[in-house]
Amino acid sequence: NAIAKNVPWLSGGAARYLPPAPKRDPVDTTGAGDVFLGAWVAARLLLSDSEPWRALVVASAMASLSTQARMLSEFPAVKDLCEVLVRLPDRHLG
């Protein structure tokens, strides 16, 4: 089982580590890629061009959460996403 590591984001001379989504034991991974893409698009539209790296963090967290549901009625809510996002470390590179 691979352990996710921080991913560097480089843009305009600035660098930052993007934290991995919390490790989970998946219940069902069907559609996780679709959830990632949908969450990324939604976050990009909501955040515009202010900090595009944040859309990747949101998408990763939402896709990770989506693997915990077997059916739509069990799908994570916005509050679940917020709980994950507030726990992720935020680090700039020097």
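Structure first, text after, so check above.
Keep in mind that this is a model prediction, so the values were computed, not measured.

K.L.:
Help me understand the overall build of the chain, please; the structure alone is not making it clear to me.
P.N.:
When helices and strands are counted, the chain shows three helices and three strands. Starting at the N terminus, the α and β elements of the chain follow one another as β-β-α-α-α-β. Across the 94 residues of the chain, 28% fall into the buried class. A separation threshold of at least 6 residues defines the contact pool for the chain, and within that pool the share at least 24 residues apart is 58%. Taken as a whole, the chain presents about 6,400 Å² of accessible surface, with 60% of it coming from carbon and sulfur.

K.L.:
I tried to follow the nonpolar core on my own but got confused; where do I start?
P.N.:
The nonpolar side chains of soluble globular proteins are, as a tendency, buried together. Counting eleven residues, the largest nonpolar core consists of V35, A39, A43, A55, V58, A59, A61, M62, L65, L81 and V84. Those elements giving two or more residues to this core turn out to be α1 (32-47), α2 (53-66) and α3 (78-87). Looking at which element gives the most residues to this core, the answer is α2, with six residues. Leaving out residues up to four positions away in the same chain, V58 has contacts with A39, A43, L81 and L85.

K.L.:
Looking at this structure, I do not really get α2. What am I missing?
P.N.:
An α-helical turn contains 3.6 residues, so any two residues separated by three or four positions project in the same direction. Under the 1.5 Å per step criterion, the end-to-end length of α2 is 20 Å for 14 residues, consistent within 8% with the ideal 20 Å. Counting buried residues in α2 gives eleven out of 14 residues, a clear majority hidden from the surface. Here α2 has its buried residues at W53, A55, V57, V58, A59, A61, M62, A63, S64, L65 and S66.

K.L.:
When you look at the packing of α1 against α2 in this model, what are you seeing that I'm missing?
P.N.:
Packed helix pairs are specified by the crossing angle of their axes together with the interaxial distance, meaning the distance between the axes. At a minimum axis separation of 8 Å, α1 and α2 run at an interaxial angle of 145 degrees. For the element pair α1 and α2, the recorded crossing hand is right-handed. Judged by residue contacts, A32, V35, F36, A39, W40, A43, R44 and L47 of α1 engage R54, A55, L56, V58, A59, S60, M62, A63 and S66 from α2.

K.L.:
I tried to follow the side chain of S64 on my own but got confused; where do I start?
P.N.:
Checked against the element boundaries, S64 lands in helix α2. Here R24 takes part through its side chain, which lies 2.8 Å from a polar atom of the side chain of S64. Not counting chain neighbours up to four residues away, the residues in contact with S64 comprise A21, P22 and R24.

K.L.:
Can you help me understand the packing of α2 against α3 in this one?
P.N.:
Close contact between α2 and α3 brings their axes to 10 Å; oriented N to C, the two are set at 120 degrees. Here α3 runs oblique to α2, going by the angle between their axes. Taken as a pair, α2 and α3 cross one another with a handedness that is right-handed. Residue-level inspection shows V57, V58, A61, M62 and L65 of α2 in contact with α3, the latter providing D80, L81, V84 and L85.

Here is what the cut-offs are and how they apply
Residues numbered from 1 in each chain as written. Predicted model: local features only at pLDDT ≥ 70, side-chain atom pairs only at ≥ 80, totals over all residues. Heavy atoms only, no water. Helix = DSSP H or I, 4+ residues; strand = E, 2+ residues; numbered from the N terminus. Buried < 20%, exposed > 50% of the residue type's maximum accessible area, 1.4 Å probe, protein only. Contact = heavy atoms within 4.5 Å. Areas by Shrake-Rupley, 256 points an atom, 1.4 Å probe, with all protein chains shown as cover. Core = buried A, V, L, I, M, F, W, Y, C linked by side-chain atoms within 4.5 Å. Expected span 1.5 Å × (residues − 1). Axes fitted to C-alpha atoms, helices over the stretch in contact; angles between N-to-C directions. Left-handed = near helix turned anticlockwise from the far one by under 90°. Polar contact = N/O pair within 3.5 Å; in protein donor to acceptor, adjacent residues only side chain to side chain. Parallel < 35°, antiparallel > 145°, perpendicular 65-115°, else oblique.

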